[in-house]
Amino acid sequence: MRIVDLIEKKKNGETLSQEEIHYIIEEYTKGTLADYQMSALLMAICFVGLNDEETAILTDAMMHSGDVIDLSSIHGIKVDKHSTGGVGDKTSLVLGPMVAACGVPVAKMSGRGLGHTGGTLDKLESIPNIDVYLTEEAFINQVNNIGLAIIGQSAQLVPADKKMYALRDVTATVPSIPLIASSIMSKKLAAGSDAILLDVKYGDGAFMKTKADAKKLAETMITIGKSLNRDTRATLSNMNQPLGNAIGNSLEVKEAIETLNGHGPQDLLELCLEAGSHMLVQAKRTNSLDKARKMLEQTITDQTAIKKLEDMVNAQGGDSSYITNPSKFHLPKQIVKVKSRKTGYIKDLHAHTLGIVSMKLGGGREKTEDKIDYSVGIILHKKIGDYVEEGEHLLEVHTNTGLNEELLNEILASYEIVEEKVKKPLIIDEVIF
Ligand code: URA
């Protein structure tokens, strides 16, 4: 087989066979297929696309390019959750403990943030001493002992995606639905779960800017999951404004703790209750979404969910006194309150801009090797639909490097304020399965 013929074939809109797709992924993982040829093929896929069968074959080939985790020694049905990424998205830190407190094992592999989006591992690492790199054996033991572990993906998991993603990032080939779907699903499937709940975000702060694209991505991933016999469902959720009020690592952990203690923001709680209800049904803990929601609510009332988070932090060597006493989290040098220059209703709140501001403050990485400042970020006081008077606080900026004019202007420009009343947006539009 000659790779140049396969590039030509895809460029001309033809369908690649199972044998051809496996050949491409195997050769690329081994390093015998050059980056420039892979780039050309990825660009052809961006323009021409892949059909459902090609996408499922690509996912399967990528999944088997490295280790496939065997979670069969964990008792019960394992349901994994994956978010397509956004700003202020601390869902896993709330949902994981709630679902685990209902008796469903949660064995979760998470990622780091890049650019304007945050990552669960970075957030967790704001808790002193926590270890997010466990061996497979320790990971499985922890889930069997306490029902919950959140760790980083091992280097041997889907090496094809690691190389392809890095290449896509620098060749403008990230935004392709079959490529995103196979990238996400190959990692979820290799991580060994029996069922998958996807939180597919759309809007300004998400990869998918429109609801229609998010729906297409969700449907593509569900088709892949089903073709490989995994119960796969997806929430379509709104990322036109940040989720919850906190953006930034330790600020988001504190908000997750507040939510598990029953004092969190409504949108975050609602997303966790809806996604969690489906996860409990997928795990066959109950067959009723209403009963599942009540079980999840109970884990907050009776404090079993916050106790799960504390147990997990302890088991992973972290200082769990930060969970019981969040005021221990290191504060930044300065907290700057930003006042509104207008009176009216918030119509728009650009999540992407605020994610970038948080990154520039040191809360995220521009390059993979950048170090994170866990204490910085933003707390929103006003969100879409809220009324604000001129001079009232819109948000506060937690910073160790001050707040220069440029950042202040970016923040002010992220709020669109109008005279007419604005309805608060729903957090979830649809659940697809
Ligand atoms: N997240 C992934 O893991 N892969 C993509 O391609 C895009 C988002």
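Residues numbered from 1 in each chain as written. Predicted model: local features only at pLDDT ≥ 70, side-chain atom pairs only at ≥ 80, totals over all residues. Heavy atoms only, no water.

Student: Please provide a residue-by-residue account of the overall build of the protein, values included.
Tutor: When helices and strands are tallied, the protein shows 17 helices and 13 strands. Over its C-alpha atoms the protein spans a radius of gyration of 22 Å, differing by no more than 12% from the 22 Å that the globule rule assigns to 433 residues. Based on the C-alpha atoms only, the size of the protein along its principal axes is roughly 65 × 45 × 40 Å. Counting only residues that meet the buried cut, the protein has 57% of its 433 residues in that class. Put simply, of all contacts in the protein between residues at least 6 apart along the chain, 77% involve residues at least 24 apart. Counting every atom, the protein has about 17900 Å² of accessible surface; 50% of that belongs to carbon and sulfur. (Helix = DSSP H or I, 4+ residues; strand = E, 2+ residues; numbered from the N terminus. Rg over C-alpha atoms; globule rule 2.2 N^0.38 Å. Buried < 20%, exposed > 50% of the residue type's maximum accessible area, 1.4 Å probe, protein only. Contact = heavy atoms within 4.5 Å. Areas by Shrake-Rupley, 256 points an atom, 1.4 Å probe, with all protein chains shown as cover.)

Student: Explain unusual backbone geometry to me, and be specific about the residues and the numbers.
Tutor: Most of the time, phi is negative for any residue but glycine, and the peptide bond is trans. Unlike most non-glycine residues, V158 shows phi in positive territory, near 45 degrees. Given a relative accessible area of 1%, V158 falls into the buried group. In this structure, N229 takes a positive phi of about 60 degrees despite not being glycine. Here N229 is to be found in the loop between α10 (211-227) and β5 (231-238). The class of N229 is exposed, set by a relative accessible area of 70%.

Student: How would you explain the sheet that holds strand β10 (residues 387-388) if you had to name every residue and give the values?
Tutor: Strand pairing in a sheet relies on backbone hydrogen bonds, with the paired strands running either antiparallel or parallel. Pairing is antiparallel in the open sheet, where three strands are placed in the order β10-β8-β12. Bordering the open sheet on either side are β10 and β12 (415-418), each of which pairs with just one other strand. Direction of pairing for strand β8 (residues 344-349) relative to β12: antiparallel, over a ladder of four bridges. Directly across from L349, in β12, lies its bridge partner Y415. Packed on one face of the sheet, helix α17 (residues 405-414) meets β8 and β12 and runs near 45 degrees to β12. (Pairing = 2+ DSSP bridges. Axes fitted to C-alpha atoms, helices over the stretch in contact; angles between N-to-C directions.)

Student: Tell me about the side chain of T399, and please be specific about residues and values.
Tutor: Along the chain, the position of T399 falls in strand β11 (residues 393-399). At 2.7 Å, the side chain of T399 forms a polar contact with the backbone oxygen of G402. Not counting residues up to four positions away in its chain, the partners in contact with T399 are P332, K333, Q334, V336, L361 and V376. (Polar contact = N/O pair within 3.5 Å; in protein donor to acceptor, adjacent residues only side chain to side chain.)

Student: An account of the side chain of S186 is needed here, citing residue identities and associated values.
Tutor: Examined against the element boundaries, S186 turns out to sit in helix α9 (residues 177-190). S186 sits in the buried class, given a relative accessible area of 0%. A polar contact is formed between the side chain of S186 and the backbone oxygen of S182, at a distance of 2.8 Å.

Student: Break down the layout of surface pockets for me, with residues and values.
Tutor: Roughly 1500 Å³ of internal volume is contained in the largest pocket. Forming the boundary of the largest pocket are 48 residues, of which G111, R112, G113, Y165 and K187 lie nearest the centre. If one sorts the elements of the lining of the largest pocket by residue count, helix α8 (residues 159-169) sits on top with six residues. Across the lining of the largest pocket, the residue classes break down as 14 nonpolar, 21 polar and 13 charged. The residues that make up the lining of the largest pocket include at least three from each of domain 2 (79-160 + 176-324) and domain 3 (330-418). Q241, D267, K383, K424 and P425 are, among the 13 residues lining the second largest pocket, the residues nearest its centre. In terms of residues, the lining of the second largest pocket owes the most to one element, helix α12 (residues 266-282), which gives three residues. (1 Å grid on protein atoms, 1.4 Å probe; cavity = no way out; pocket = protein on both sides within 12 Å on 5 of 7 lines; lining within 4 Å. Points joined across faces, edges and corners; volume = space filled by probe spheres on them. Nonpolar A, V, L, I, M, F, W, Y, C, P; charged D, E, K, R; others polar. Domains from an automatic or database assignment.)

Student: Tell me about the domain arrangement of the protein, and please be specific about residues and values.
Tutor: The domains assigned to the protein are domain 1 (3-49), domain 2 (79-160 + 176-324) and domain 3 (330-418). Between domain 1 and domain 2, the contact holds six residues from the first and five residues from the second. When the buried area of domain 1 at its contact with domain 2 is split by residue, T29, I45 and C46 rank highest and sum to 60% of it. Counting across the domain 1 and domain 2 interface gives zero residue pairs in polar contact (both at pLDDT 80 or more). Those elements that provide at least two residues to the side of domain 1 that touches domain 2 are α2 (18-30) and α3 (35-48). With three residues, the single largest contributor to the side of domain 1 that touches domain 2 is α3. Across the side of domain 1 that touches domain 2, the residue classes tally to four nonpolar, two polar and no charged. (Buried area = accessible area lost by both parts, 1.4 Å probe.)

Student: Requested: an account of the site of the ligand, with residues and values cited.
Tutor: The environment of the ligand is made up of Y165, R168, I180, S183, I184, K187 and F207. S183 is positioned such that a nitrogen or oxygen atom in its side chain is 2.6 Å from a nitrogen atom of the ligand. The contact in question runs from an oxygen atom of the ligand to an N or O atom on the side chain of K187, over 2.5 Å. In isolation the ligand has 240 Å² of accessible area, and contact with the protein removes 89% of it. In this structure, the ligand is accommodated by the largest pocket. For the shell around the ligand, the elements supplying multiple residues, two or more each, are α8 and α9. It is α9 that provides the largest number of residues to the shell around the ligand, a total of four residues. (Near = heavy atom within 4 Å. Sits in = over half its atoms within 2 Å of the grid points.)

Student: Tell me about the pattern of salt bridges, residues and numbers included.
Tutor: Inspection of the entire model under this criterion finds 27 salt bridges. K215 serves as the salt-bridge partner of E430, at 3.1 Å between the closest nitrogen and oxygen. Here E430 is found in strand β13 (residues 428-432), whereas its partner K215 is found in helix α10, with 215 residues between them in sequence. According to the relative accessible area criterion, E430 is partly exposed, its value standing at 30%. The partly exposed category is assigned to K215, whose relative accessible area is 29%. Salt bridges sharing common partners tie together R112, D122, E125 and R365. (Salt bridge = Lys/Arg side-chain N within 4 Å of Asp/Glu carboxyl O.)

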